[in-house]
Amino acid sequence: MVWGLPSAASLTRFCQKLNRQKPLEESPREMSPQRHLTTLDLTLRAVGGTVGLGLYVLTGTVAKGMAGPAVVVSFSIAAMASLVGALCYVELAAHVPHTGSPYLFTYVSMGELWAFLIGWNTLLGHLITGAALARVWSSYVDVIFSHRIHSFIEDHVGIWQVPFLAQNPDFLAAGIILSVSTFVSCKARVSSWLNRTFSAISLAVIIFIIILGFFLARPHNWSAEEGGFAPFGFSGIMAGTTTCFYAFVGFGAIAASSEEAQNAKRTVPMAITISVGLVAGANILVSTVLTLMVPWHSLHPYWALADAFHQRGYSWAAFIVAVGAICAMNTAILNIILFLPRITYAMARDGLFFQVFAHVHPRNQVPMVAIMVLGVLMAFLALLLDHEALVQFLCLSAVITRTVVTTSIIILRFRKAPPASSQGPGSPVGTEQASAPQPGQLRPALRPYLRFLGGCRPGAAVTWALGVLVASAITLDCVLVFGDLALHLPTWGYTLLLLLSSATFLLSLLVLGAHQQQRRQDNFQVPMVPLTPALSILLNIFLMLQLSYLTWLGLSICLLIGEWGPGWDPRGLQGEGKQGSRAGTCPSGLSHPFRTRSVFWLRHLAQQGEPAGAAGVDCPTWQPGGDGAGPAAP
């Protein structure tokens, strides 16, 4: 065999192991976090981590450069699309009541490779979100000081004209991230009353904006003289919808905290539903009053709300808005920095990330390396990257994650449920379940009409139908978005391609609906599966195609960097467990200078013959949680 190339058997085993799912195991009682979070705590955690981003970050950006006053429509469409994602989170959180968010959901349903990609995508999205929030925080602090901070930096540093980079470095944004990271890494307890106080101030300021804004509204600002209600047309509305999509991701924090929730089966769905409704109402009302107060083209994208009151001569109101924005940004940045060690700790514990991120400091009992390294990376992004580039990256990351989570619902719904341990092989209940149609099998009523599907093994037709559905959705959306511009087809060719892709999408949807699904009476389930998730996938792909190719290129490079790490030794596929440390150990760093702890670690665990998800990390266990809002306080 040629040196450096993997054998066929080793490569086949490697590919098979990449698709295995993580088994769900109950945590020991002494290892489980304390269940202390109520519905109010979960709702405030989601609203506090989302409202600030949608109102203070996205509203001005979308209204100024994408949709104009039609930002109201963009938020409405994004809210409806996010509602399906919220329902998927509810079902997955009930099915997988463990910490991990989309990473664990994907691991359980789709396997290790997709779990690693979504985990890295989630990590990257939160890093970019924290950087964007810090830059907006810095902008509103600058508003309080009458923009003297920005003028000072511009005078002494100058203005940069580099794509994706800000016009000048934002030292204040980097400073707040480093300060919060240090605060969390020093085992500082973040009490629930502090989180509630910041959230209450932010909500009070939002109510103040809505009330005063309606008194200052001028319907003339939506007239044709100012550009009309939708100056950028339908394409601008959909581009704005893609950006507004990220304003509805706070319920992911609820799903990630379900292991600490009281009566998670009841509080988690209720908190998700309430948070989506509150965030949608706040975003739509605030974007309405914002574009009615002043012409949309005169807004500043970074501090739009304070700028609107400044233009109307209400400087005192602008000061109140700036204080509310700072409180909202503090809550959001704190929640993000508290969440990042969760995802890295979970991935490192499963062997899908650098093991040093699973190390818990013996004195502080927190993953200090993860907090400080990620804090420095986030501060670096906030220091240099442009605000609009950050927003585009984080929106694409959010839509990708939401699409995979929605797909996971279809996979789990048609998968055979594990048998209950209390049922013996000779029990009458077990015999009745064995005779009943299993999930993934063709419905008995349709077998006489769909004989060509009856010969497939359970789940095979569902797998092919799901793959065809996703492929046809991509084709259909590409035809809708790029058909006239990129394909240069005649009208009949464009129509034919549109009809073929639509028919293929509908046929694959019908094949999925013809198979038996899991029915669980004790947990919430998304209604009208597979129709609801399929439409969500179709809409999400359509929104992703609205973003520029530079955004796709940048995110792809970041994902490749995360997948291959500092370097991947292809000789690793040849060895039969001869290289590397024992699976489940906690090395202090990389065991080989050219080995990554990502895909290569999956290969190593595949050789060991044990599921990577079940491999433990022989390190001090970090228990997130504490006194309410402090996941970093053990």
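**Student:** A description of the overall build of the protein should follow, citing residues and the corresponding values.
**Tutor:** What the protein contains, in helices and strands, is 22 helices and 0 strands. For the protein, buried positions account for 56% of its 634 residues. Across the protein, every contact between residues at least 6 apart in sequence was considered, and the portion connecting residues at least 24 apart equals 82%. Split by element, the accessible area of the protein, about 26300 Å² in all, is 67% carbon and sulfur.

**Student:** Tell me about the confidence of the model for the protein, and name the residues and values.
**Tutor:** Scored by pLDDT, the protein has a mean of 75; 73% of the residues are at 70 or more. Segment residues 27–32: pLDDT under 50, and 6 contacts once partners within four positions in sequence are set aside and those in other chains are kept. Predicted confidence for residues 420–434 stays below pLDDT 50, and this span has 4 contacts to residues more than four positions away or in other chains.

**Student:** Any details on the packing of helix α15 (residues 387–413) against helix α20 (residues 531–544)? Residues and values, ideally.
**Tutor:** Look at α15 against α20: their axes get within 9 Å of each other, and the N-to-C directions meet at 160°. Regarding the angle of α15 to α20, the classification is roughly antiparallel. Once α15 is placed against α20, the crossing between them reads as left-handed. For the pair α15 and α20, the contacting residues are L396, V399, I400, R402, T403, T406, T407, I409 and I410 in the first and P533, A534, S536, I537, N540 and M544 in the second. Tallied by class, the residues present in the contact of α15 with α20 amount to 9 nonpolar, 5 polar and 1 charged.

**Student:** Give me the packing of helix α7 (residues 171–185) against helix α13 (residues 315–349): which residues, what numbers.
**Tutor:** Interaxial distance between α7 and α13 falls to 10 Å at its minimum, and their mutual angle equals 55°. Classified by the angle between their axes, α7 and α13 sit oblique to one another. Where α7 crosses over α13, the two elements pack in a sense that is right-handed. Across the interface between the two elements, I177, V180, S181 and V184 from α7 touch I333, L334, I337 and L338 from α13. Residues that form the contact of α7 with α13 fall into these classes: 7 nonpolar, 1 polar and no charged.

**Student:** Give me the lowdown on unusual backbone geometry, citing residues and values where you can.
**Tutor:** Cis geometry marks the peptide bond from V529 to P530, where omega comes out at 15°. As for its placement among the helices and strands, P530 is situated in the loop between α19 (491–513) and α20. Here S146, not a glycine, exhibits a phi torsion of approximately 55°, which is positive. As for its position among the elements, S146 is in the loop between α5 (112–144) and α6 (148–157).

**Student:** Tell me what's going on with the packing of aromatic side chains, and back it up with residues and numbers.
**Tutor:** Inspection of every chain in the model, using the stated rule, returns 11 aromatic pairs. Taken together, a centroid distance of 5.5 Å and an interplanar angle of 65° make the contact between F232 and W296 edge-to-face. Of this pair, F232 sits in the loop between α8 (192–215) and α9 (233–244) while W296 sits in the loop between α11 (264–293) and α12 (304–311), placing them 64 residues apart in sequence. Its relative accessible area of 9% is what places W296 among the buried residues. Each residue in the set W120, F353, F354 and F357 is aromatic and connected to the rest through ring pairs, giving one cluster.

**Student:** For the state of the cysteines, give the residues involved together with the corresponding values.
**Tutor:** In total, this model carries 0 disulfides according to the counting rule given. Between C244, a free cysteine, and C395, which holds the nearest cysteine sulfur, the sulfur-to-sulfur gap is 7.9 Å. With a relative accessible area of 0%, C244 lands in the buried category.

**Student:** Talk me through α7; I want residue IDs and the actual numbers.
**Tutor:** Across its 15 residues, α7 extends 21 Å between first and last C-alpha, which sits within 8% of the 21 Å expected from 1.5 Å per residue. Among all positions of α7, only A173, A174, I176, I177, V180, S181, V184 and S185 are buried. The arc that holds every buried residue of α7, seen down its axis, measures 160°, which confines them to one face. On its buried face, α7 is in contact with α5, α13 and α14 (368–384).

Cut-offs and rules
- Residues numbered from 1 in each chain as written.
- Predicted model: local features only at pLDDT ≥ 70, side-chain atom pairs only at ≥ 80, totals over all residues.
- Heavy atoms only, no water.
- Helix = DSSP H or I, 4+ residues; strand = E, 2+ residues; numbered from the N terminus.
- Buried < 20%, exposed > 50% of the residue type's maximum accessible area, 1.4 Å probe, protein only.
- Contact = heavy atoms within 4.5 Å.
- Areas by Shrake-Rupley, 256 points an atom, 1.4 Å probe, with all protein chains shown as cover.
- pLDDT = per-residue confidence, 0-100.
- Axes fitted to C-alpha atoms, helices over the stretch in contact; angles between N-to-C directions.
- Parallel < 35°, antiparallel > 145°, perpendicular 65-115°, else oblique.
- Left-handed = near helix turned anticlockwise from the far one by under 90°.
- Nonpolar A, V, L, I, M, F, W, Y, C, P; charged D, E, K, R; others polar.
- Phe/Tyr/Trp six-rings, centres within 6.5 Å; stacked < 30°, edge-to-face > 60°.
- Disulfide = S-S within 2.5 Å.
- Expected span 1.5 Å × (residues − 1).
- Arc of directions from axis to C-beta.

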